[in-house]
Amino acid sequence: MANLLPIIHRLLGDSLLVSAQKYPSKIVVTTNDGEYAYQELLDYSVALAGALQQRGLQRGGRVAIYMDNGWPALFSLYGVLLAGGVFVMINPQTKADKLAYILNDSDASCLLTEVHLENNFVPILGGLSKLQHVIYAGKEKTFPMSAISIEHFDKVLDKVSRDVYVENRSISNDLAALVYTSGSTGSPKGVMHTHLSMLFALNSLIEYLRLSDEDRILNVLPLSFDYGLYQLLMAVHIGATLILEKSFAFPTLVFKCIKEKEVTVFPGVPSLFAILISSHERSKLKFPSITRITNTAAALPADFIPTLKDIFPNALVYKMYGLTECKRVSYLEPELVDRKPTSVGKAIPGTEVLLLSRDGNSVEPGETGILHVRGPHVMLGYWKQEELSENMLKDDVYPNQKMLCTHDWFKMDDEGFLYFVGRSDDIIKTRGEKVSPVEVENVLYGIEGINEAAVIGVSDSMFGQLVKAFVTLKKSSSLDDKKIKKLCVAKLENYMVPKEVIVMDSLPKTTNGKIDKKRLG
Amino acid sequence: MTIESNIRNYILENYLFTDDQSELANDASLLEKGIIDSTGIMELVFYLEETFGIKIDDHEMVPENLDSVDNIVSFVKGKDSN
């Protein structure tokens, strides 16, 4: 291994090379089906990297990972990185049409997946021009013949010898990942992050979360969500242990796991903390091993905090704010959580933020401005979307540089602490996930019998916002709200499906004939 | 209505938005099929408690009891006879 060992971390995969050298027999991850050591993760990843290279993966080539949280997802991710590829994590809840969109948009040549998702990936294989290989985990089965090769992981990894692997020649400003996120245009966009931007963000997060190699970090969030992904990246980077759960669907199993594995870090989102609090009300919970809990994706209601301190008597509470385009913007020092209960803190270490008016002038403390972010964590842009990228990356206050315009309204107090005011676009945030109203509207318009559709977010104490749809029907249509929801379930991830569908005779219009969403709700 | 048809109808109506019985196999994993997720399971627990007058303890909220129609039916029946 000596020839693989980097002196400093230049590439995201270097985290694994260094940690496997330092802690070969230490557990890197525990999952439902077992525990795996750093050396094992390295061996599997190198084997997969070689196999991907054998199958034609070049430096910078995209590989999609469409899997549940589990061991195969881990070595898939590091396998792609060590091969010099760019990984694209796709939420396993994603349905066929959107999966096809992302595979085509990213020009992925290889799809790493699981057999239980076959109903989504098999039907679309005929329509993917760039995809050449599918490798799947889970039970082995025979697939119908197609132009695309479909192989089982075990067969692929058995056949590959260690000498096949060619060392990665990527440099730090090469792409490491495309992170797909919902956008106001309705189609998901691939946020381009380089090795540099991701390593920078990692180190900044590790610093303020005060993580060490002794931490045992719980992750129940999907690895396709950058908040979930970074739990893995951080754990591997510092040689800690990740306690990986598929989801929070059976909270009791997660609670048991926290106790058994003596978890020290608990990353959550408000909807997850709400479930935790409602379980606590049914029967008391106490997790003394946890020393840090973190929240992002939506504001943590201030009245959650006393109960959370009951459940986690030894934990610091971190309130954070971020967006995929720069991973994380700000965090509040946990010691200040009572003094600044509604603030999301200050810029993360090594970065800075500015509040500017619409015409680009700085605003006074207490006034509302648009949040701009400067730092090495800012994305390169959206994959193949120049116009959308220009809308987010503006000329910096210093010449020849770019900064990120978040399009979010914020205020800053006299001491420089940030307060979220609202979004300047109509993206809905529900259960910690971004939902583009246009994406949901497009699905509604695709339903035979729907005449007009408008989707808005309505505020909700548990979920942040709920997706609510208003539709009018064609005269002949026999649709009702249930039938419409059912058709949405077939096309959209669960969290995007409208919680409520209201059938109306007509929708309110503005004077120039557009649907007036302000009068809905 | 039997316990089984009651539970089936609840899941079909509230998670699959349909009355088509063929869309739900009694042994299908509700989690793996994406029928329920983290918030769904608590709703299901509240529904079962209310409908069948049972009290479900935290340690009983596990896949063996709740992750398919079959599992839920035998769990509820076991609770009833206690």
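Residues numbered from 1 in each chain as written. Chains lettered and ligands numbered in written order. Predicted model: local features only at pLDDT ≥ 70, side-chain atom pairs only at ≥ 80, totals over all residues.

A. Expanded view of the overall build of chain A. Looking only at helices and strands, chain A has 14 helices and 27 strands in total. Across the 521 residues in chain A, those meeting the buried criterion constitute 50%. Pairs at least 24 apart in sequence give 64% of the contacts found in chain A among residues at least 6 apart. (Helix = DSSP H or I, 4+ residues; strand = E, 2+ residues; numbered from the N terminus. Buried ≥ 20, exposed ≤ 12 C-beta atoms within 10 Å, placed from the backbone. Contact = placed C-beta atoms within 7 Å.)

B. Looking closely at the overall build of chain B. A tally of helices and strands in chain B yields four helices and zero strands. From first element to last, N terminus to C terminus, chain B shows the α and β order α-α-α-α. A compact globule built from 82 residues should have a C-alpha radius of gyration of about 12 Å, and chain B, at 12 Å, falls within 12% of that. Reported as C-alpha extents along the three principal axes, the dimensions of chain B are approximately 35 × 30 × 20 Å. Sequence-distant contacts in chain B: of pairs separated by 6 or more residues, those separated by 24 or more amount to 54%. (Rg over C-alpha atoms; globule rule 2.2 N^0.38 Å.)

C. Examining the interface of chain A and chain B more closely. With 21 residues of chain A in contact, the opposing surface of chain B contributes 17 residues. Take the side of chain A that touches chain B: its biggest share by element is six residues, from helix α10 (residues 270–282) of chain A. Classifying every residue of the side of chain A that touches chain B gives eight nonpolar, nine polar and four charged. (Nonpolar A, V, L, I, M, F, W, Y, C, P; charged D, E, K, R; others polar.)

D. Geometry of the nonpolar core. Residue and element names in this part refer to chain A. Core analysis: the biggest nonpolar cluster contains 161 residues, and Val63, Ala64, Ile65 and Val88 have the highest contact counts within it. Two domains each provide a minimum of three residues to this core, namely domain 1 (13–21 + 32–170) and domain 2 (210–314). Residues contacting alanine 64, with those up to four places away along its chain left out, are Val88, Ile90, Ile102, Leu103, Ser106, Ala108, Leu111 and Leu112. Core analysis: the next-biggest nonpolar cluster, separate from the first, contains 22 residues, Leu444, Ile450, Ala453 and Val501 among them. (Core = buried A, V, L, I, M, F, W, Y, C linked by C-beta atoms within 7 Å. Domains from an automatic or database assignment.)

E. Representation of the pairing of strand β12 (residues 265–268) of chain A within the structure. Residues and elements named next belong to chain A. Here β12 shows two buried faces, one formed by Val265 and Pro267 and the other by Phe266 and Gly268. Summarising the sheet, β12 and strand β13 (residues 292–295) pair through four bridges and their orientation is parallel. Among the inter-strand pairings, valine 265 is bridged to a residue of β13, identified as arginine 292. Remark: the β12/α10/β13 crossover connection has right-handed handedness. (Pairing = 2+ DSSP bridges. Right-handed = clockwise from strand over helix to strand, strands pointing away.)

F. Local environment of the packing of helix α7 (residues 195–209) of chain A against helix α8 (residues 226–238) of chain A. All names here are of chain A. At a minimum axis separation of 10 Å, α7 and α8 run at an interaxial angle of 80°. The orientation of α7 relative to α8 falls into the category roughly perpendicular. Every residue of α8 that contacts α7 at Met198, Leu202, Leu205 and Ile206 is listed here: Tyr230, Leu233, Met234, His237 and Ile238. Grouping the amino acids of the contact of α7 with α8 by side-chain chemistry returns eight nonpolar, one polar and no charged. (Axes fitted to C-alpha atoms, helices over the stretch in contact; angles between N-to-C directions. Parallel < 35°, antiparallel > 145°, perpendicular 65-115°, else oblique.)

G. Spotlight on the domain arrangement of chain A. Residues and elements named next belong to chain A. As assigned here, chain A comprises domain 1 (13–21 + 32–170), domain 2 (210–314) and domain 3 (428–519). The distance between the C-alpha centroids of domain 1 and domain 2 comes to 28 Å. The set of elements that each furnish at least two residues to the side of domain 1 that touches domain 2 consists of α1 (14–22), α3 (71–82) and β4 (86–90). The biggest single contributor to the side of domain 1 that touches domain 2 is α1, with three residues. Looking at the side of domain 1 that touches domain 2 residue by residue, the classes come out as five nonpolar, six polar and one charged.

H. Seen up close, α10(A). Under the 1.5 Å per step criterion, the end-to-end length of α10(A) is 19 Å for 13 residues, consistent within 8% with the ideal 18 Å. Along α10(A), the residues that are buried comprise A:Pro270, A:Ser271, A:Leu272, A:Phe273, A:Ile275, A:Leu276 and A:Ser279. (Expected span 1.5 Å × (residues − 1).)

I. Seen up close, the environment of A:Val254. Structurally, the position occupied by A:Val254 is in helix α9 (residues 251–260). Dropping the residues within four chain positions of it, A:Val254 is found in contact with A:Val220, A:Glu245 and A:Phe248.

J. Structural view of the packing of α1(A) against helix α2 (residues 38–54) of chain A. All names here are of chain A. α2 packs onto α1 with a crossing angle of 135° between their chain directions and a minimal axis gap of 8 Å. The orientation of α1 relative to α2 falls into the category oblique. When the axes of α1 and α2 are compared, the crossing they make is left-handed. Judged by residue contacts, Leu16, Ser19 and Ala20 of α1 engage Tyr38, Gln39, Leu41, Leu42 and Ser45 from α2. (Left-handed = near helix turned anticlockwise from the far one by under 90°.)

K. Summary view of the pairing of strand β1 (residues 27–31) of chain A. Residues and elements named next belong to chain A. Here four bridges tie β1 to strand β2 (residues 34–37), and the two strands are oriented antiparallel to one another. Bridge pairing links isoleucine 27 to alanine 37 in β2. In sequence, β1 turns back onto β2 through a hairpin of two residues. Of the strand pairs in this sheet, β1 and strand β11 (residues 241–244) are connected by two bridges, and their pairing is parallel. Considered in β11, the bridge of valine 29 is made with leucine 242.

L. How the structure looks around the environment of B:Tyr47. Relative to the helices and strands, B:Tyr47 resides in helix α2 (residues 38–52). When the C-alpha positions of B:Tyr47 and B:Tyr10 are compared, they lie 8.8 Å apart, and in sequence the two are 37 residues distant.

M. Structural detail: the environment of A:Ala96. Residues and elements named next belong to chain A. Structurally, alanine 96 can be placed in helix α4 (residues 96–106). When the C-alpha atoms of alanine 96 and valine 122 are compared, they prove to be 8.7 Å apart, with 26 residues separating the residues in sequence. In this structure, alanine 96 is in contact with Asn120, Pro123 and Ile124, ignoring residues within four places of it in sequence.

N. Molecular detail of the sheet that holds strand β19 (residues 381–382) of chain A. All names here are of chain A. A sheet is described by the order of its strands in space; here eight strands give the open sequence β7-β6-β5-β3-β4-β8-β9-β19, paired in mixed fashion. This sheet does not close on itself; its edge strands, each paired only once, are β7 (149–152) and β19. Where α7 meets the sheet, it contacts β8 (175–181) and β9 (189–194), and its direction lies at approximately 75° from that of β9.

O. Focus on α2(A). Residues and elements named next belong to chain A. The end-to-end C-alpha distance of α2 is 24 Å, a good match for the 24 Å that 17 residues give at a rise of 1.5 Å each. By the criterion of burial, α2 is predominantly enclosed, with 13 of the 17 residues buried. Looking at the residues trailing α2, positive phi occurs at glycine 56, about 95°.

P. Highlighting the confidence of the model for chain B. Confidence along chain B averages 85 in pLDDT terms, with 95% of residues attaining 70 or more. At the level of chain-chain contacts, confidence expressed as ipTM amounts to 0.79, with global pTM at 0.89. (pLDDT = per-residue confidence, 0-100.)

Q. Spatial organisation of unusual backbone geometry. Residue and element names in this part refer to chain A. Even without being a glycine, glutamate 262 presents a positive backbone phi close to 50°. Position of glutamate 262 relative to the elements: it lies in the loop between α9 and β12. Backbone geometry places histidine 407, a non-glycine residue, at a positive phi of 60°. Inspection of the secondary structure assignment puts histidine 407 in strand β21 (residues 402–412). For histidine 407, a count of 17 C-beta atoms within 10 Å puts it in the partly exposed group.

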